[in-house]
Amino acid sequence: MTIHETNLADRLAQIKGAKVIKSFCYTCPWQCPTEVYVRDGKVVYHKGNEQSPNNIGSRCAKGMASWYITQDPDRLRYPLLRTNLKGEPGQFKRISWDEAFTFIAEKLTQIANRYGPEAVVLTCHHDPNTQFYRHLLGDLYGSPNMYAHTSGCEQDRRAACLTLFGHVFPMHDFANSRYVMLWGMNILGANQGLWESRALLQAKKNGMKLVVVDPNFTETAQKADEWIPIRPGTDAALALAMCRVIIDENLHDALFCERYTEGFAGFREHLCAKDYSPAWAQDITGIEAGTIVRLAREFATTKPAMSAIFKGSGYYTNGHDAGRACYILDAITGQVDGPGQLHLKDWAPLGTPVAIPDSAKGKSKNPPLHVAMGYPLAPDLPNSRLPDAVIEGKPYPVKALWVHSTNPVMSDPNRDRVKEMFRHLELAVACELLMSETALECDIVLPETSFYEHAEIRQGMWLGPEVILCQPAVAPVGEAKPSYEIAKGIAGKMGWGGYFPYERWEDWGELMMKDVPMSLDTLKEKGFWAGDVTYGRVAKGLRTPSGKIEIRSSEYAKHGYNPYPEWSERSVLPDQEFPLQVTHSKLSMHCNIVTQNNPYLMEIVGENWVEINSRDAAKYGVQDGQQVWIESPKDKIKIKAKVTEGLVPGCISIRHGHGFGHWAMGSVAKGKGAHSNNLMDTHPNPVTGANCYNECKVRIRPA
Ligand SMILES: Nc1nc2c(c(=O)[nH]1)N[C@H]1C(S)=C(S)[C@@H](COP(=O)(O)OP(=O)(O)OC[C@H]3O[C@@H](n4cnc5c(=O)[nH]c(N)nc54)[C@H](O)[C@@H]3O)O[C@H]1N2
Ligand SMILES: Nc1nc2c(c(=O)[nH]1)N[C@H]1C(S)=C(S)[C@@H](COP(=O)(O)OP(=O)(O)OC[C@H]3O[C@@H](n4cnc5c(=O)[nH]c(N)nc54)[C@H](O)[C@@H]3O)O[C@H]1N2
Ligand code: SF4
Ligand SMILES: [Mo]
């Protein structure tokens, strides 16, 4: 097939009679179950699995274009070892897998002997795929630093969910909702579960009111009943003022608050003592007091209702309290875990694929990095602080970094500092599909199979408990290996080969499925297992210290923070020299920095851009479509401008996802668009350690 193939008859002939394999897509983290049609060892067609509840047969454009990864000539084909000094653009030589395993095993042994196992850190994006590395480096080797990438994503929301509801990742029961307020969540543009997008639109057709709070008139705002163009970084003020109205007007659910929440009375006093009110919030947020009062009344009196966040209200140094305040709206109105509300989903009873007895587990003498760094409430590593640990040895030395499916040089703030970090590492391993900008900084680069080439069993991201399966559909590209084989190879060199005994993926698959009421064989036929959707977990008791919804967070109190959310100004504000505030958003035709080497998607959207309000554009002489310079106190980028009415004046919105500087990521991605992550300095959220990409002021001028 070629990119412009149009002959329908040929296409149908290819598809008819092809072998169909049930699998899933993880071009983005939402993992839609799929059917992959294979003929002569090639993917000839693929579509969504119609039986699966989390996409009901749909795919998005990114998913449909994703088969290209099985044929991308830029894919990594064999292990590579760096031949030049770190800090210079990486040069590599081909080595065998055996040499790679030996090299890594020897370095790991040296590091453990000299610094302890905690000097090794794992960071990843698609977390479940790393379970074998976690067994190797966490359980056997003994590092407590097995992390993911959440501080670059929804860390503030995760901290809010955990401390309030004792749940790590709530879902959204849009289908049964009558009033939905989305705070900076562009679910129709940067899609999450496709079932969520479909349910949101269907519920709207059925009469649900949709309110979108966002500085940007996003794809979701465009479909909403009401767009609330909030000033960036001020959601906490709006949500706290809405809480005040609801409580003052006795619109809260008093019985629910008394039975199922902790600290309601104290919260009421806190709101009064701080004098949070609609008039106060108007000045901060730019939203009229009358609108705030109306939204609060509507939200509290239309049921079922949902106030939902993802990461739009995060990315600021006050994002932790913004998240808590948005969720407290659900709590005080009694709108948690019922139909149409925020859903504290059950997880499927998946087992672990590798059994390691306690006696074989490695031990470290230091606590996990996030605790040692002073972020005990961080649900994941504050990864913008990782360079401090590596470069300065604070709070303890970190000497090795294992990056899997993540590209921090492109994804984390302050690219200079991230790149500098790699020079100081004794071992940096990248497990990748492509030579990413981060892989280029590493000592050793391991080619991994893609989700079309290997097996995986994961938790599904649907309302009910769900297991999803990915099965190998085509042969690996080059010598690429699945993560199980890589972990097994290294474990073998370190004397732990006995813990990775399987020859077939089905052997560890059976172990994972042993408590799921479906056999692995049936899972292979169906592609997923889905349990019942149940509600009402609040009355049964939550996994918070008190078992209740903690409006007054005992965890916050324990660690010396205000147990109630409060308004605080973010740390970087525009000024005369740099008068504009940066915000970021995603591209609907790309996923993060994963899809920019895909010619199909690049044909549709070949570069990213910056949006600017027409008033600001006039002020700074910027024309629509023109190249502009965006300068921060730290760096500058050249990027295309889009002039719009749909953005709050005083801020710009940079679409994230392009700007690969050289051949990294491949020939298609090279040199297209601009990368903004070196504009900002390092500003972790003080409580959650979230990366604050939007703590950045800039000026703009035509290029
Ligand atoms: N098409 C596509 N889909 C994706 C992705 C992708 O890259 N492309 N990425 C996937 C990933 S990893 C994720 S995390 C999700 C992300 O899903 P979203 O978080 O919904 O996606 P973003 O576009 O980053 O949306 C952030 C929004 O927050 C707004 N915002 C900025 N500052 C503020 C503020 O102070 N307050 C409020 N209320 N809003 C603010 C921005 O204008 C923007 O619209 O999408 C996933 N799906
Ligand atoms: N300025 C700015 N920065 C942002 C954001 C933003 O909106 N603006 N968004 C943030 C968000 S929400 C997130 S989630 C992070 C994401 O940032 P990252 O954690 O870096 O994750 P991704 O961008 O999803 O993917 C990174 C790498 O995974 C590789 N990869 C893809 N599939 C596979 C696979 O199957 N196996 C292996 N081994 N590798 C694979 C890709 O080649 C790519 O190099 O970025 C954050 N950074
Ligand atoms: S939503 Fe994500 S997982 Fe689903 S088809 Fe699109 S890219 Fe793939
Ligand atoms: Mo994300």
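Residues numbered from 1 in each chain as written. Chains lettered and ligands numbered in written order. Predicted model: local features only at pLDDT ≥ 70, side-chain atom pairs only at ≥ 80, totals over all residues. Heavy atoms only, no water.

1. Regarding the overall build of the chain
Here comes step 1: Looking only at helices and strands, the chain has 24 helices and 26 strands in total.
Here comes step 2: Taken against the 2.2 N^0.38 rule, which gives 27 Å for 703 residues, the C-alpha radius of gyration of the chain at 25 Å falls within 12% of a compact globule.
Here comes step 3: C-alpha atoms of the chain, sized along the principal axes, occupy 70 × 65 × 60 Å.
Here comes step 4: Counting over 703 residues, the chain shows a buried share of 62%.
Here comes step 5: Excluding contacts between residues fewer than 6 apart, the proportion of contacts in the chain whose partners are at least 24 apart in sequence is 73%.
Here comes step 6: On the chain, roughly 25,100 Å² of surface is accessible, and the fraction owed to carbon and sulfur atoms is 50%.
Here comes step 7: A gap of 2 Å separates the mean positions of the 76 positive and 79 negative side-chain charges of the chain. (Helix = DSSP H or I, 4+ residues; strand = E, 2+ residues; numbered from the N terminus. Rg over C-alpha atoms; globule rule 2.2 N^0.38 Å. Buried < 20%, exposed > 50% of the residue type's maximum accessible area, 1.4 Å probe, protein only. Contact = heavy atoms within 4.5 Å. Areas by Shrake-Rupley, 256 points an atom, 1.4 Å probe, with all protein chains shown as cover. Lys, Arg positive; Asp, Glu negative; His and termini not counted. Charge placed at Lys NZ, Arg CZ, Asp CG, Glu CD.)

2. Concerning helix α12 (residues 289–301)
Here comes step 1: Compared with the 18 Å implied by 1.5 Å per residue over 13 residues, the 18 Å span of α12 between its first and last C-alpha is a close match.
Here comes step 2: Within the span of α12, buried status applies to Ala289, Thr291, Ile292, Val293, Leu295, Ala296, Glu298, Phe299 and Ala300. (Expected span 1.5 Å × (residues − 1).)

3. Quick notes on the site of ligand 1
Here comes step 1: As a structural note, the neighbourhood of ligand 1 is formed by 34 residues, with Asn191, Gly233, Asp235, Lys311 and His590 the closest of them.
Here comes step 2: A distance of 2.6 Å separates an oxygen atom of ligand 1 from a polar backbone atom of Gly233.
Here comes step 3: Taking Ser588, its main chain carries an N or O atom lying 3.1 Å from a nitrogen atom of ligand 1.
Here comes step 4: A total of 900 Å² of accessible area belongs to ligand 1 in isolation, and the protein chains cover 99% of it. (Near = heavy atom within 4 Å. Polar contact = N/O pair within 3.5 Å; in protein donor to acceptor, adjacent residues only side chain to side chain.)

4. Details of the sheet that holds strand β3 (residues 42–48)
Here comes step 1: Taken together, three strands build an open sheet; the order of strands is β1-β2-β3 and the sheet is antiparallel. Every interior strand has two partners, whereas the edge strands, β1 (19–24) and β3, have only one. On average, each strand axis in the sheet is tilted by 30° relative to the strand beside it, whichever way the strands run.
Here comes step 2: Note: β1 against strand β2 (residues 33–39), six bridges, orientation antiparallel. Residue Ser23 lies in a different strand from β2, and its bridge partner there is Thr34. (Pairing = 2+ DSSP bridges. Axes fitted to C-alpha atoms, helices over the stretch in contact; angles between N-to-C directions.)

5. So, the site of ligand 3
Here comes step 1: Near ligand 3 the following residues occur: Cys25, Thr27, Cys28, Trp30, Gln31, Cys32, Arg59, Cys60, Lys62, Gly63, Asn191 and Leu194.
Here comes step 2: Classifying every residue of the shell around ligand 3 by side-chain character gives six nonpolar, four polar and two charged. (Nonpolar A, V, L, I, M, F, W, Y, C, P; charged D, E, K, R; others polar.)

6. Structural notes on the domain arrangement of the chain
Here comes step 1: Domain boundaries in the chain define domain 1 (80–148 + 365–461 + 466–530), domain 2 (155–345 + 536–558) and domain 3 (580–702).
Here comes step 2: Using only C-alpha atoms to locate each centre, domain 2 and domain 3 end up separated by 28 Å.
Here comes step 3: If you look at the interface, domain 2 gives 22 residues, while domain 3 gives 25 residues.
Here comes step 4: Each partner contributes to the roughly 1,800 Å² buried at the junction of domain 2 and domain 3, and carbon and sulfur atoms together form 59% of this total.
Here comes step 5: One can count zero salt bridges joining domain 2 with domain 3.
Here comes step 6: When contributions to the side of domain 2 that touches domain 3 are tallied by element, the ones reaching two or more residues are α5 (155–165) and α13 (319–332). (Domains from an automatic or database assignment. Buried area = accessible area lost by both parts, 1.4 Å probe. Salt bridge = Lys/Arg side-chain N within 4 Å of Asp/Glu carboxyl O.)

7. Brief notes about the packing of aromatic side chains
Here comes step 1: With the rule as written, the count across this model stands at 25 aromatic pairs.
Here comes step 2: On the basis of an interplanar angle of 65° and a centroid distance of 5.2 Å, the ring pair of Phe256 and Tyr260 is categorised as edge-to-face. Taken together, the positions of Phe256 and Tyr260, both in helix α9 (residues 254–260) and four residues apart, correspond to about one turn of that helix.
Here comes step 3: Relative accessible area serves as the criterion here: at 10%, Phe256 is assigned to the buried category.
Here comes step 4: For Tyr260, a relative accessible area of 22% gives the class partly exposed.
Here comes step 5: Taken together, the aromatic side chains of Phe132, Tyr484, Phe500, Tyr502, Trp505 and Trp508 make up a single cluster linked through ring pairs. (Phe/Tyr/Trp six-rings, centres within 6.5 Å; stacked < 30°, edge-to-face > 60°.)

8. Concerning the environment of Asn55
Here comes step 1: Mapped onto the secondary structure, Asn55 falls in the loop between β3 and α2 (61–64).
Here comes step 2: Separated by 68 residues in sequence, Asn55 and Thr123 have C-alpha atoms that sit 28 Å apart.
Here comes step 3: Excluding anything up to four places from it in sequence, Asn55 contacts Cys32, Pro33, Gly48, Asn49, Leu194, Trp195 and Arg198.

9. Comments concerning the sheet that holds strand β5 (residues 92–94)
Think of a sheet as strands paired side by side through backbone hydrogen bonds, with each pair either parallel or antiparallel.
Here comes step 1: With mixed pairing, six strands are arranged side by side in an open sheet as β5-β4-β16-β15-β14-β6. Every interior strand has two partners, whereas the edge strands, β5 and β6 (120–124), have only one. Sheet twist, expressed as the mean angle between neighbouring strand axes with direction ignored, is 20°.
Here comes step 2: Summarising the sheet, strand β15 (residues 427–432) and strand β16 (residues 444–447) pair through four bridges and their orientation is parallel. Across the sheet, Ala430 pairs through a bridge with Val445, a residue of β16.
Here comes step 3: Strands β6, β14 (400–404) and β15 of the sheet are contacted by helix α4 (residues 131–140), whose axis makes an angle of about 165° with β6.

10. Comments concerning the side chain of Asp156
Here comes step 1: Relative to the helices and strands, Asp156 resides in helix α5.
Here comes step 2: For the buried residue Asp156, which engages in no salt bridge, the nearest side chain bearing the opposite charge is Arg324, 9.6 Å off.
Here comes step 3: At a separation of 2.6 Å, a polar atom in the side chain of Asp156 contacts the side chain of Thr688.
Here comes step 4: Those residues in contact with Asp156, other than ones at most four positions away along the chain, are Gly314, Tyr315, Tyr316, Gly319, His320, Asn685, Thr688 and Ala690.

11. Overview of the pattern of salt bridges
Here comes step 1: Inspection of the entire model under this criterion finds 44 salt bridges.
Here comes step 2: Residue Arg415 pairs with Asp635 through a salt bridge whose shortest N-O separation is 4.0 Å. Separated by 220 residues along the polypeptide, Arg415 in helix α17 (residues 415–423) and Asp635 in the loop between β23 (627–631) and β24 (636–644) bring together distant segments of the chain.
Here comes step 3: We classify Asp635 as partly exposed; its relative accessible area is 25%.
Here comes step 4: Among the charged side chains, a network of salt bridges with common partners joins Arg385, Asp388, Glu392, Lys394 and Arg417.

12. A few points about the side chain of Asp235
Here comes step 1: Structurally, Asp235 is set in helix α8 (residues 235–248).
Here comes step 2: Look at Asp235: it is buried, it has no salt bridge, and the nearest opposite charge is Arg570 at 8.6 Å.

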